[in-house]
Every structure is written in C-alpha cells, then in structure tokens.
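Descriptive structure summary
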Amino acid sequence: MQHGKYRFIAGFLAVPLGLYALFVVWPFIQSIYYSFTDWTGLSPEFEMVGFGNYERMLDDEIFWKSLRHSLLFALVLPLVTIALALFFAFMINAGGRKRKGGPAVTGVRGASFYQIVYFFPQVLSIAIVALLFAFAYNPDSGAVNSLLRGIGLDGVQPLWLGDPDLALWCVMAVLVWSTVGFFVVLFSAGMASIPAELYEAALLDGANRVTTFFRVTLPLLWDTVQSGWVYLGILALGAESFAVVQIMTTGPGGPDYSTTVMVLYVYQKAFRDGQAAYATTIGVALLVVTLAFAAAVMRLGRRERLEY
Amino acid sequence: MGSTSGENHESAGVGRRDLIRRSAALGLVSVPATSFLSACASSGGGGEDKAESGERTAKNPLGVNDGARMEFVLFDGGFGTEYAEDAVRIYEKNFPRAEVKFSATQKIQSTLQPRFNQGNPPDLIDNSGAEQMDMGVLVGKNQLADLTPLLDAPSYDDPDKKVRDTLRPGIVEMGRFDGEKVWVLYYAYTVYGVWYSQKALDALDEQYPQTWDQMLAVCAKARKKGMAGWTYAGKYPYYIPFSLYPMIGKVGGREVLDAIDNLEPNAWKHPAVKACFEAYYELYRKGYVLRGTPGLDHIQSQTAWARGKALFLPNGSWVENESANVIPADFGLAVSAPTGLGSSDKLPFGTLWASGGEPFVVPAGARNGAGGMEQLRIMLGEAASKNFTSKVKSLTAFDGGTDGITLTPGLKSGVAALEKAGDNVVNPRIQDWYVQLQKEKIGVAGLGEMMAGRLTPAEAVRKIQGFADETARDTSIKHYKHA
Amino acid sequence: MKTTENPAPVPDGSGAPVAGADHRAGPPPKEKREGAVLDVFSHGILVVWAVMVVLPLLWAVMTSFKDDGSIFGSPWSLPDRLRFDNWSRAWTEADMGDYFLNTVLVVGGSLVGTLVLGSMAAYVLARFDFPGNRFVYYLFVGGMSFPVMLALVPLFFVVNNMGLLNTVHGLILVYIAYSLPFTVFFLTAFFRTLPASVAEAAFVDGASHSRTFFQVMLPMARPGLVSVGIFNFLGQWNQYLLPTVLNTEPDRRVLTQGLVQLAVSQGYKGDWSGLFAGLVMAMLPVLAAYVVFQRQVVQGLTAGALK
C-alpha cells in the first residue's frame, strides 16, 4: 500500500492545488494583506496602518449590525430550507397511500412532476429571482399586494421591503423559495435509495410515518443534510445574500440598516466609498465567521455513520 | 500525472509556447509583489510610455498626437451611448490616423479599478452610475489630470472664446475639490425640483403652489379626486433632497446649505431645516403620500406618478428620458422650483437646484490625456451639445445649445425654471463629497424613515445631525469646505 | 393510487407482500384514516408549493409580452396581444445569440475540469493519510468563504500577467479554481462514505492507485459527481463577477454579462418589458435542459443505492 503512495498523492494534488493556489489563494492572501494598509482600491499607493482597520471595525456600529444579520441568515436560511426540503422530499417519496400488494411505502401520485416543478427556481440566476420578487413585492402594484386586494384584504397592504420589520424576512423568503428545489431533488434521490425493507421493518414495529422519518430516513440522509447545511450557510453568508440584498432592498441595505449584511457592506466600502482596505478587513471577518460556521456544523453534526 | 505546475497550462490546452508562459508566470509574482513592497509605486508595472504630444495648431490647440490611440470609457446609463459615439466619430474624422477605442459599461469601478492600479487607465472616463469611483479618493491619490488646459483652450466653435467661457455658471467650480485645479467636468446639466403633469394640475383647476399652505390645499383637492399628492423613490429616499434641499435654501438662505455641506456642528438644527422637515412630514401625516411609496424604487414611483396616481415627484431632469416609455403624450411634463413655506422665506420662489451631472475625468496616468481632453472639447462644442440635448432630452454644460432644436416639454420647462431662477441657483455639494452620508445615512436612515412615518421631524433632525457629526469626526474620509 | 414514476427501487415489493399490506382484506380503520388524512394533507402542501413556484415564472413569461404601461397598471391581466418586439429588443440588447455559445464553451470546459480536478483532490484528501492533509483540506474549504469581489484586483493582475485576459481558456481556468473549494468539500465527504473494501481489493489485485481511482472509485462516486456537477453548473452558468473583470472583450462576453447589462440598464431606461423578455429568454434553455434530462439527473443522483 505504501509503495508509490506519496508520488500518487503529489501527482493527484499538484494540478488542482496549483491552480487553486494561483488563482484563489494568492489573490486572497494579497487582499488580506491589504487589510493592514490604507489602500483605496483606486490607486497603487498605500501605506501600512497595522491593525487600524480592525480597531475601526470593532467600533463600527454598521459592521455589528451587518454581522448580526449575516448570522441570522446563516442560521435561519439552512434551517428553513432543509426542513422544508426534507418535508417535501419525504412527502414525495413516502407520502403516498398504501395500496393493495404494493410496497410498504410509496410516493405520492405525480412524484416526478413535483420533482421537476420544484427544481424550476434553481435554474434561474439569483439576480433574476431577486428582480422578479422586487417586482412582486411592490406595495403599489406588485403581485403580492394585488393578490391580497384581489381576495378582499384591502386593509392588509404591507410595505414589504419598505418596512424595517419585514424587509429581512422578505429577502430570506426569496432565498428559501429559490433554494428548496435542489434539496428536494437531492434528498428525494437519497430517500429513494433507502432500501424498502428498512421502512417495512420500522412499520412492523408499529412506527407511524413521523417516527419512521426520524428513525430511518433522517439518519440515513445525515451526510447529505450536513453538506447541504454548510453549502446553504455559505451561500447565506456570501454570494447569494449579496445579490438579493443588493438588488431588492431599500438603499440597498435598508430601510434603516435592517437588511445590511456583511458581504453588502464589503461591497459598499470597496465599490462606493473607495475604502478597499477597510472592505478587506470586513472580508476577513466574514472569512472567520464562515469558517467558524462550517466547523460548528461539522462538529455538531458528527454522528455515527450508519451502514446499510 | 505529472507534478509540475507547468501541467496546469498543459492540461487546459494552453501548453503552446510553454517557455513564454512560464516566464510570464514569474511575472505574475513580480508585479503584485512590487505593489506589495514599494508602498508608493506610482505606476504598477505598465511599461508603455505616454504618447508624445503633437504640434499645437489653431485646429489642434491641445497638441493631440495625430497617431496616438485614444481610449474612452463611457457609463452606459440613462443617457445611453449614442451621443458619445457620435462625438467619437467627430474625433475620428479630425484625427484620421488615430485609433479610438470606445466602450461603455455600467460597472465603471469593477472594470477600471485594475487599470488604475496598474497605472494604465483609459484617456477619458464618464465616471457615473452606481459603481462610480469615489472622486474624492481619485483626487486625493493624484489619479486625475488637471483639466485647466482644456478650459483655457479655445472653444470648438469660436477660437476667440475659451472653453471655460462657454460653460454654464457653476460648472467649473463644481469640478474643483481643493484649490484652483479642476479635476472633473460635469457634462450634463441637471435641473432638480418638483416634477408634475400640467394636465393633472389643470384638471384640478390649480396652479403650481408657491407656499406650503397652498401645497397642502392642492394635495387635499387631489385626494378628493382619488389622487395622491406626492410619491418618491421610497427605496432610494435620497431622491427627496432634490426638492427638499433647495427648499431649505429658499427658507433659510444659502448659508444653511453651505453649513450642511461643511458638516458644521448643529447645521441640521437650524430652524429652517426643522421647518422644512415638518412641512414634508405633514404630507405623510395628512396621508398625501401615495400608499406604498416607501416600498417603491425610482422606476416604480416614476411609473405610478406618470400614470396619474400621484401629482408631485422630487426628481432630476433625467426623468423625462428615463420614464419616456410610461409618460403619456398629453402629460404636459413640467418642473417647478420647490414650494417654500411662505412670505418670510429668505430667497424668492423660483430658487432652484441646478448643477452638473455625468462627471467626465481624464486620468493622470492616461497615455493620451490630450486626446481625452480633445474628445471633451469636441463634446462641449455646440453641435455635439445640441445632439446630446435632442437625443436624451437633457441640457449640457455648454451654455446655450438649445436654439433651433425643438425642446421636449420637460426640457422646455427646465429651461424656463432656470431663467426664472436667475442667480438664485443653489448647488448642495454633500452628495458628491460624502456619498455614504448622503445616501445611506441622511437618505435612507433619516429622510426615508421620516417620510415613512417612523421618525418624527425632531427625531430625524437629531439622527441626521448625529450622522453628520460622525462623518465630520471620521478621519478615514477626506473633508471638504466651501470656499 | 399507485405511482409508477417514483424511482424508488423496490426489489421485492410486488412479489412478497409485507407489513401492512397483508391486512389489506380488512384494514384497521385507524390506519386507513391516518393514510387518507395524510394523503390529502401531503398532496395539499405539495400542490401549494408547486403553485408558489410556478406562478411567478408563468407571471414572468406573461409579463414579457406586455407593454410597460400595463405591467404596472394591471399586473395580473393577460397581455392584450403578444408583443414579440419586447423579445427582439432584448435579444439584440443582451446579444443572446453571440453570448450563448461563449457561455456553453466556458461552462462546459470548466465543468469537466472542475469535476476531474475536484474529484482527484477530494479522493486523495478523503482516502489517504499524509502530513498536511488537514491543512490542504481546510485551505480548500476556507476558499468558500472569502468574498471573491475582494480578490478581483490581485486576480486581474495574475490573469493579465499570464496573458490569459479576455481568453476563453483563461476564464475556464479561473472558473475551475473558484469552483474547487465547494467541489473538494462535497466530494471529500462523499468519498469517505464509499466502502474502503472495494478499493483495497482492487489495489491488492495489482491495480495502481490511479487505475483504482479512475476505474473503480470514480464510477462508484457517480451520484456525488452528479450532484456536485449540478451545483457547479448552476454556479458557473450564473457567474458574472469574474467575467465582468476578466473578460471585457465585447465579442467574447458570456450570457450573464449581457443579462446584467439588460438588468442594470432597466434601472436607467425603464424598459421593463424588454427586461422580462430577456429574463424569460435566459431561463428557458436551462429549464428546457432540466426537463429533458431530469430522468438522468435523478438517476445519477440515486445510482448510489445500487452500490
């Protein structure tokens, strides 16, 4: 086993690692370096300022607000998305009524139809989704309020994105809407792979569907759920939340900072205020938060692996 | 599977001339490392030299090198690209040997940022839009060329007149930040104010109100007809100042606006500010603001207004072009200087905010800065200016340029408002000097909250003063003062 | 009530009736009720979500045929006539035709590269102990979390100095590099779940490490490759930050650059109908591809069951 092992390892790692180091790690290291300077981003001149940017960040009220919102995103988005996706996937695969002589557990009628339809939002770029919903949330003539008026709820005409208490949730709802589909397909593929005998055994033990789900389905899907959790958390902290907040919200980031997330603040500092060094500092904070999040999920989620 | 990093390139089919690639790969280490280590490399590695200047003649007063390449990057926004393309054609005609590279983008900073860092920026930039590069930083870091040679050159149409003498009042001053040098030339000339439909006012049998009591009366009358008084870009509440700031200037005098620009302590606590805030808040309190306005973006609010859902809209003169698709033909688009409070106002009715828009800059590191300036000189000629005005329904920095072309209703009304204002034109600079303060803090967190009814005027004043003080204390921001 | 579309493998389901199915002759009333209620309930929820997903999309399609005035005036009404001029305007403005091919080239190349390189790295990290293993792993995972926008300037220099600016292969390499973190993260977890015994058996049989990988492990990892492939496809198809900076030559642009152009200019020009036409145009090919290949995607994802 030992023979040629290291040569093999080196050979397999060299290209991916080289490419990664060149185009990702090296630029990242350079930008982290900038967080110790006063680089504006608009000229090659800068000076070292030590930890000045970090001290400033700790005193920056908007930074703390954005951190809070980002953490909320990273907790709520995966939780809701994965719960919904598991629920839908279970319904699709095990929600059907038993039929004579059939398997113990069946999917609902039209299962593949649902799998196709639920995936739809995933094929749209998040920027498009955000635009679509910015339009739908328009309090004056948007689809949501028109619908409310249409069913006679004239009195209920929220400002949606214009209301600091609702705006963040409106944005999250859009992300949930657009991400659930992929996980339904992923989970339901996983569920379909679970041997029917396991369900049968559970049913024989007198378990109902709910307990079956928690005792059989969830443990067997745990690895997938965990990867999905990390993936969603990272999306929520980074790229995806940026696009929706940037396109949809007041300001963007408002009203009154109610939707400012870290990655938006990074963008504004770098691309609006000409303070690239400070933006990088917040970027480093974002890096720390994301790594901590991933580590926490992996640690909390560690379980006995079930072989079947 | 090999293990050298050369495999990288090989594997993706780049392997041709591996040797060159390898040496280039070494270069990739050296350039960022230079900017790493030498804290003030003024040009980060671009090797080319600046174009030699050509012979100065009457036709070529800036001494443009006839054979030098000229690069022009335009912001592709509400004004489109056609006007600039037309001007580029004139340049190409005048300098047939010169290659002109013209491009347009909405992402000015992402596209140009690396070029500035490399010391290889284009020769002329329309630095506008959401991704506008911060002008104060560019000036502070010596990235821009002084436009004085252009301003002192003879104008395109009349060799006896300098360019600076053909510009509208205030344009040259706006281009200054510190001292005498002029860094920015604002090409468009924008009239800010309250935009409305003359037809809708006629239907109410009303004139544009000059005092706030009249304003409230008109709004009340409009409401009886099922029309809201006001709407605005609720998601971008920094549109409110377009009518609010000149109103403050009219009520309390220019000094109040200057004090605000200068971030003076308690500038926002001036009674005129408070009175104007209260007047606007009254619009909300009496229900004269279109329902749902805080959730509308600029296009949505403009569309609602164009469809007759609301009477008045604070905006700038670009609205005529931007909303051309939705403004009905018989709308009677008009702009007015903002309504004041009453007879005790410091300045007369007609006091107007008008200033330059579309900031054009020539980078200090441009290879062919003279070419960039020459392109601007062409654009500031009467023909190009007229072309702009007739194509995009907006005035330019060139004083005049409206004779002989049919003005659209909004434009005509803007010209009339300018004439009426005479010397009473105000130009608050806070939106150029302190972008974050103006947009995010005063706009969204202050005025936006107040107009949505979530802050009282007194609270808004206190909050905004706090923001202004914070900005004044912030040492990472460069501060400016009115001369 | 039977569904045949369900891909659940049921090796012996019909042959040997088991569990509750035995009592079908006289089903206990409680269980029947539970089944019926659940059936209605689950169907209800599933239908509601399906409507929530389809409605906005249908609405977007419908809106793309309207004029600007009626988009705002009566958002729910059908278009008075099909305005194809919206579509032609969007087609020219976003240069869909030209950019589509570029996008297919770039995304196709990067997807293959990402999967090959990502699975190689992940396999080594998942199955071999060597000094620095954890370091390399976390180096990759860490890359998921740093905002790309901050690295744009240094990245531009790297790409420029290698002479890869404004080239398709340059863009492909960068896409691959930025897709590696999640791919490695995902596939490492996946390779760990594969039974070690098979690889060991192959190795004992005299296969080299690389042959074991390509001929034994990779086929076994198909479901993982398919899922991570979809993630990457969607991510790369929708990527616009990187091409904005690294790919500025007008005729080499990718689709998203055209679309972003359209979307941003909507903010300045107020051409809503054109925007919706562009949005619909951009989503249809991907949607169609998914509907056509849906069966393969689901099969690819489930193949692990047969291991």
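Residues numbered from 1 in each chain as written. Chains lettered and ligands numbered in written order. Predicted model: local features only at pLDDT ≥ 70, side-chain atom pairs only at ≥ 80, totals over all residues.

1. Concerning the overall build of chain B
Just so we agree on the cut-off: Only DSSP runs of H or I with at least four residues qualify as helices, and only runs of E with at least two residues qualify as strands; both kinds are numbered from the N terminus onward. Exposed residues have 12 or fewer other C-beta atoms within 10 Å of their own C-beta, buried residues have 20 or more, and residues in between are partly exposed; the C-beta atoms are placed from the backbone.
The helix and strand tally for chain B stands at 20 helices and 10 strands. Buried residues in chain B amount to 57% of all 483 residues.

2. Digging into the packing of helix α10 (residues 239-248) of chain A against helix α11 (residues 262-271) of chain A
Residues and elements named next belong to chain A. Let me state the cut-off plainly: Simply put, an axis is a line fit to the C-alpha atoms, just over the touching stretch for a helix, and the angle between two N-to-C directions goes from 0 to 180 degrees. Comment on the angle field: the value is read as roughly parallel under 35 degrees, roughly antiparallel over 145, roughly perpendicular from 65 to 115, and oblique elsewhere. The hand of a helix crossing depends on one turn: near helix anticlockwise from the far one by less than a right angle means left-handed, and clockwise means right-handed. A residue pair is marked as a contact if its C-beta atoms, positioned from the backbone, fall within 7 Å. Just so you know the grouping, Ala, Val, Leu, Ile, Met, Phe, Trp, Tyr, Cys and Pro go in nonpolar, Asp, Glu, Lys and Arg go in charged, and all remaining residues, Gly too, go in polar.
Closest axis-to-axis distance for the α10/α11 pair is 8 Å, and the angle between their directions is 65°. With respect to each other, α10 and α11 are oriented roughly perpendicular. Note on packing geometry: the crossing formed by α10 with α11 is right-handed. Within the contact between the two elements, α10 uses Ser241, Phe242, Val245 and Gln246 and α11 uses Val263, Leu264 and Tyr267. Looking at side-chain class alone, the contact of α10 with α11 contains five nonpolar, two polar and no charged residues.

3. Quick look at the UniProt feature "transmembrane region" (unreviewed entry) in chain A
All names here are of chain A. Condition: UniProt positions are given in the numbering used here, feature names are shortened, and annotations may be inferred rather than shown by experiment.
Taking the UniProt record as the reference, the feature "transmembrane region" (unreviewed entry) is found at residues 7-29, 71-92, 113-137, 166-187, 229-248 and 276-298. Along residues 166-187 the backbone is 95% helical and 0% strand, and the end-to-end C-alpha distance reaches 30 Å. For residues 276-298, helix accounts for 100% and strand for 0%, while the C-alpha atoms at its two ends are 32 Å apart.

4. A few points about the confidence of the model for chain B
Residue and element names in this part refer to chain B. What counts is decided by this rule: Per residue, pLDDT measures the predictor's confidence, with a range of 0 to 100.
Averaged over all residues, the pLDDT of chain B equals 86, while 90% of them reach at least 70. A low-confidence stretch, residues 1-47 (pLDDT under 50), is modelled with 69 contacts involving residues beyond four sequence positions or located in other chains. Model confidence for the complex is summarised by a pTM of 0.83, with the ipTM given as 0.81.

5. Focus on the environment of Tyr280 of chain B
Residues and elements named next belong to chain B. Here Tyr280 is to be found in helix α12 (residues 271-285). Distance in space between the C-alpha atoms of Tyr280 and Ile240 is 9.6 Å, their sequence separation being 40 residues. Sequence-distant contacts of Tyr280, that is, excluding residues within four places in its chain, are made with Leu244 and Met451.

6. A closer look at the packing of helix α19 (residues 435-451) of chain B against helix α20 (residues 457-473) of chain B
Two quantities define a packed helix pair, namely the angle between the helix axes and the distance between the axes. Residues and elements named next belong to chain B. Between α19 and α20, the least distance of the axes is 9 Å, while the angle of their chain directions is 170°. If you check the angle between α19 and α20, you find them roughly antiparallel. You can see that α19 and α20 cross each other, and the crossing is right-handed. For the pair α19 and α20, contact is made by Leu437, Lys441, Ile442, Ala445, Gly446, Leu447, Glu449 and Met450 and by Pro457, Ala460, Lys463, Ile464, Phe467, Ala468 and Thr471, respectively. Here the contact of α19 with α20 is built from residues that sort into 10 nonpolar, two polar and three charged.

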